[in-house]
Amino acid sequence: MVMDEQAGSEQDELRDLLRRADSSIRIPPGLNDRVMGTTGAGDRWRARRWSRWQPVAAAIAAAVLAGGSFAAGTKFGRHTERSVRPVTAGALPADLTVYNAERPCQSLHTIECGISIRDISRVKGSITVARVWHGDVVHADCVTADADPVTDEAGVSSTRWYHVTLPHSGVTGWLPGVRTRNTVEIPLCTTH
Amino acid sequence: MRADEQYGWSGAMRTQGGGSPAGEDFHEVFCALLPRLYRRAALLAGRSGAEDAVHEAYLKLSSRPRRLLDHPEPYAYAFAAMVSVIRDEWRRDRRQALVPLTGDEIGSWDGGIGHREAELEAVELLSGLSAKQAAAVLLVDLDGYTIDEAADILGVHRGTVSRARARALLALRSSLTTGTGREGRDGDG
C-alpha cells in the first residue's frame, strides 16, 4: 500500500515535471514558414544529408573519371600538356553562402558564432575586418589555393581562401574556404 | 537576430502538398499540430534538433497527405512519424544522441535557464531512454494516453511502454536524490 502510494506520487511528480517542461517551451517565431516552407530548414536537411554522402559520391566520381581518363589515354594514345585547361579557366566571380559547420551556431547571430573575414589570407598576423554568419551571402571575386590551412568543426580542411566583398557594408577581406560549401569555380587571385 | 529574420524566411513559402484540396487540408491539419509536435520534439531531441525533426516529419507525412487526414488521431500519427525521424537521426549519427545543452542554447532567446529548469530536467531524464521509450513516456504521462494506446501508436509492445515509464521514474528518483546523470541511448527496448 505504501509502495503504491510512493509509486503514485512519483508518477505525479513525473507528470508535473513534464507538464512544466512542456509549458516552458515557446514556439520560435516563424516556425510554420520554416517547417512547411520549401526553403530554409529543408535546404539545411537536404544539405546535411547530401554532405553525408558527398565524400563517397566524390570518391566514386573521381574513381570513374580517373578510370575513364586512364582508359582513354591508353586507348587513344598521348594527351599533351597543351590540351589540359586549368579548371578555373573561364571561372567567374560568384556569390557564396557562408557555412558554419557548428550546428548550434547556425541559427545564432552572436559574436561567438560569427565567422571572421580577415584582412589577409592567414590565420596568424591577420586582423578581423568583419564578421559574417551562417547563411550570409558574400561576393567572391577570386580565390587563393595555398593560404593557411583551416579546419572546421566538421573536420573539413582547406588551404583555399576566398577574397570576398560583403554586400551591405562593402568591406572586403578573406574568407576561409571551409566556411562555405562552394561548388562553383572561382578565378584564382593574381593581384591580392 | 533570429534565424527567420536572418534568412528572410517569413511569409511567402508554400507547402509541398499545397495546391490540391488534400494538400491544403493537410497543410491546415499539420499547422494545427505543429506547436504541440515542436514542443514534444524539443523534449525528445533538444531545441536545437526540434525544428529539423518536425520539418523532416512534415516532409515524410506530406508525401502521403491522405494518411494523416484519414487517420482517426492525426496527432498520434504525426507524433509516431516524428519519433521515427528522431530515432533514424540518432541511428545515423550517434553524436546527436546526446542532447546538446550548450550554454548558447540555454541562454539564447527565451529568458535563460531559470525559466527552463523543468525543461532541462525533463530532457535530461528522457535522454536516458531510447527514442521510443522516451516517446512512450510523453504519450502516457504528458498526453494522457493509456499504456495500450501508447503502445499501439508507437507500434511497440505494451511491456516496452511500461518499462520505459519505470526507467523514467527510476531516473527521476535518482535525479531527485543524487542529482542528474546522463546515460547513453541504446536500442529500443
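Up top is the structure these notes are about.
For clarity, every value in this text was computed on a predicted model and none was experimentally measured.

J.: Any chance you could explain the overall build of chain A here in plain terms?
T.: Regarding its fold elements, chain A presents three helices and eight strands. Ordered by position from the N terminus, the helices and strands of chain A form the series α-α-α-β-β-β-β-β-β-β-β. Out of the 192 residues in chain A, the part that is buried amounts to 35%. Taking the contacts inside chain A whose residues are at least 6 apart along the sequence as the reference set, 59% of them involve residues at least 24 apart. Carbon and sulfur atoms make up 58% of the accessible area of chain A, which amounts to about 11300 Å² in all.

J.: Would you mind showing me how to read the environment of Thr 160 of chain B here?
T.: Residues and elements named next belong to chain B. With respect to the helices and strands, the residue Thr 160 is situated in helix 10 (residues 158-178). The exposure class assigned to Thr 160 is buried, which follows from its relative accessible area of 7%. A C-alpha to C-alpha distance of 8.3 Å links Thr 160 and Ala 136, two positions 24 residues apart in sequence.

J.: Quick question: what am I supposed to make of the state of the cysteines here?
T.: Here a disulfide denotes a covalent bond joining the sulfur atom of one cysteine to the sulfur atom of another. All names here are of chain A. Under the counting rule described, the total for this entry stands at two disulfides over all chains. Bridging Cys 105 to Cys 113, the disulfide has an S-S length of 2.0 Å. Its torsion about the S-S bond being -70°, the disulfide of Cys 105 and Cys 113 is classed as left-handed. Side by side, Cys 105 and Cys 113 carry an identical accessibility label, which is buried.

J.: What should I look at first to understand the pattern of salt bridges in this one?
T.: Note that side chains of opposite charge can pair when their charged atoms are close. Evaluated as defined, the whole model comprises 15 salt bridges over all chains. Between Glu 51 of chain B and Arg 34 of chain A there is a salt bridge; the shortest N-O distance is 2.3 Å. Remark: Arg 34 of chain A occurs in helix 2 (residues 31-36) and Glu 51 of chain B occurs in helix 3 (residues 47-62); the pair is interchain, linking two chains. Per residue, the accessibility class of Glu 51 of chain B equals that of Arg 34 of chain A, and both read buried. With a shortest N-O distance of 3.2 Å, Arg 36 of chain B and Asp 143 of chain B are connected by a salt bridge. Placement of Arg 36 of chain B in helix 2 (residues 21-45) and of Asp 143 of chain B in the loop between helix 8 (131-141) and helix 9 (147-154) is noted, with a sequence separation of 107 residues between them. For Asp 143 of chain B, a relative accessible area of 15% puts it in the buried group.

Calculation notes
- Residues numbered from 1 in each chain as written.
- Chains lettered and ligands numbered in written order.
- Predicted model: local features only at pLDDT ≥ 70, side-chain atom pairs only at ≥ 80, totals over all residues.
- Heavy atoms only, no water.
- Helix = DSSP H or I, 4+ residues; strand = E, 2+ residues; numbered from the N terminus.
- Buried < 20%, exposed > 50% of the residue type's maximum accessible area, 1.4 Å probe, protein only.
- Contact = heavy atoms within 4.5 Å.
- Areas by Shrake-Rupley, 256 points an atom, 1.4 Å probe, with all protein chains shown as cover.
- Disulfide = S-S within 2.5 Å.
- Salt bridge = Lys/Arg side-chain N within 4 Å of Asp/Glu carboxyl O.

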